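# Summary of the model geometry
This is what each chain is made of:
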Amino acid sequence: VLDAIRNADGLIIGSPNYLGDMTAGFRALYERLIFQSLTYKTEFRSYNEKQIPVLLIMPSNASEDFYAQIGYDQMLQRYQNTLGTFVGPTKILISSDTLQVRDYSRYHWTMFNPEHKKQHHETVFPEDKKKALTMGAEMVSAPQEESR
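Residues numbered from 1 in each chain as written. Predicted model: local features only at pLDDT ≥ 70, side-chain atom pairs only at ≥ 80, totals over all residues. Heavy atoms only, no water.

### So, the nonpolar core
Convention followed: We define a nonpolar core as any set of buried Ala, Val, Leu, Ile, Met, Phe, Trp, Tyr and Cys residues linked to one another through side-chain atoms lying within 4.5 Å. To sort residues, take the accessible area from a 1.4 Å probe on protein chains only and compare it with the maximum for the residue type: under 20% means buried, over 50% means exposed, and anything in between is partly exposed. Under the scheme used here, helices are H or I runs from DSSP no shorter than 4 residues and strands are E runs no shorter than 2 residues, and both carry numbers assigned from the N terminus. Contacts are assigned to residue pairs with any non-hydrogen atoms lying within 4.5 Å of each other.
Ranked by size, the top nonpolar core spans 23 residues in total, and within it Leu56 and Leu83 carry the most contacts. Of all the secondary structure elements, the ones that give two or more residues to this core are β1 (11-14), α2 (24-35), β4 (54-59), α4 (72-86) and β5 (90-95). Here this core takes six residues from α4, the largest share from any one element. Excluding residues that lie within four positions of it along the chain, Leu56 makes contacts with Ile13, Met22, Phe26, Tyr79, Leu83, Lys91, Ile92 and Leu93.

What follows is the structure, encoded as structure tokens:
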């Protein structure tokens with residue numbers, strides 16, 4: 001997989017936010033992806049022969065309004081900085097306030113408004129998917145700037 005990534009035109013990684021961080025599966029790939037390029041030299045920091053643009057997509061049950069309060073913005077910035085240094089220019093797409101379960105009435109979760117979640121899923125989530133498609137196409141057709 002790492003050889004295929006090194007030869008790719010771009011890399012799209014998606015991982016939901018579980019317990020305040022990306023999933024263990026993401027972390028396993030991330031650690032191997034970074035470690036293969038890591039140097040301990042002062043002249044240059046990466047052994048990568050070419051920069052590979054990266055799109056990191058994170059769906060999250062939390063509303064993006066809370067990201068700064070709970071540290072998600074800092075977590076994503078760290079991933080963006082590290083991927084940008086060792087893999088290539090990295091953009092992040094957040095799909096926040098996602099529908100966590102289909103039927104909220106089966107649970108006694110008083111924190112969520114099920115109607116809001118459903119409406120958000122039907123109106124905003126399709127736009128997030130379109131945004132992901134557009135960003136993926138752009139990353140291989142034009143150089144990326146590091147931004148979010």
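That covers the picture; the talk isn't over yet.
### Concerning the packing of aromatic side chains
Just so we agree on the cut-off: Working definition: rings of Phe, Tyr and Trp (its six-membered ring) pair if their centres are within 6.5 Å, and the pair is stacked with planes under 30 degrees apart, edge-to-face with planes over 60 apart, and tilted otherwise.
In total, this model carries eight aromatic pairs according to the counting rule given. Here Phe26 and Tyr30 contribute two aromatic rings whose centre-to-centre distance is 5.5 Å and whose plane-to-plane angle is 25°, an arrangement assigned as stacked. Note that Phe26 and Tyr30 are positioned in helix α2 at a spacing of four residues, about one turn of the helix. With respect to burial, Phe26 and Tyr30 carry one shared label: buried.

### Observations regarding the packing of α2 against α4
Formally: In this analysis an axis means a line fitted to C-alpha atoms, helices contributing only their contacting stretch, and an angle means the value between N-to-C directions, from 0 to 180 degrees. Crossing handedness is defined as follows: a turn of the near helix away from the far one that is anticlockwise and smaller than a right angle gives a left-handed crossing, while the clockwise case is right-handed. In this classification, the charged set is Asp, Glu, Lys and Arg, the nonpolar set is Ala, Val, Leu, Ile, Met, Phe, Trp, Tyr, Cys and Pro, and all remaining amino acids, among them Gly, are polar.
At a minimum axis distance of 10 Å, the contact between α2 and α4 shows a crossing angle of 35°. Considering only the axes of α2 and α4, their crossing is left-handed. Within the contact between the two elements, α2 uses Phe26, Arg27, Tyr30, Leu33 and Ile34 and α4 uses Arg78, Tyr79, Thr82, Leu83 and Phe86. Per-class residue counts for the contact of α2 with α4 are seven nonpolar, one polar and two charged.

### What to know about the layout of surface pockets
Worth spelling out the cut-off: A pocket here means an open set of points on a 1 Å grid, computed over the protein atoms alone, that has protein on both sides within 12 Å along at least five of seven lines. A cavity is instead a set of points where a 1.4 Å probe fits but cannot get out; residues with an atom within 4 Å of a point line either one. Grid points are joined across faces, edges and corners, and a volume is the space filled by probe spheres set on the points.
Estimates place the volume of the largest pocket at around 450 Å³. As for the largest pocket, its lining consists of 21 residues, of which Asn61, Ala62, Gln100, Phe112 and Lys117 are closest to the centre. Residue assignment for the lining of the largest pocket shows that the elements contributing at least two residues are β2 (17-18) and α5 (114-141). Among the residues making up the lining of the largest pocket, the classes are represented as ten nonpolar, nine polar and two charged.

### Concerning the pairing of β5
Defined as follows: Paired strands, as defined in this entry, are two strands with at least two bridges between them according to DSSP.
Among the six residues of β5, six are classified as buried, and the element is accordingly described as predominantly covered. Side-chain alternation along β5 places Thr90, Ile92 and Ile94 on one buried face and Lys91, Leu93 and Ser95 on a second face that is also buried. Here β4 pairs with β5 via six bridges, running parallel. Within β5, the position partnered with Leu56 by the bridge is Ile92.

### As for empty space enclosed by the protein
This structure, assessed with the given rule, holds one cavity of 30 Å³ or more. For the largest cavity, the calculated volume is near 40 Å³. Taken together, Ser95, Ser96, Thr98, Leu99, His120, His121, Phe125 and Asp128 make up the lining of the largest cavity. When residues of the lining of the largest cavity are assigned to their parent elements, the largest contribution, four residues, is made by α5. Looking at side-chain class alone, the lining of the largest cavity contains two nonpolar, five polar and one charged residues.

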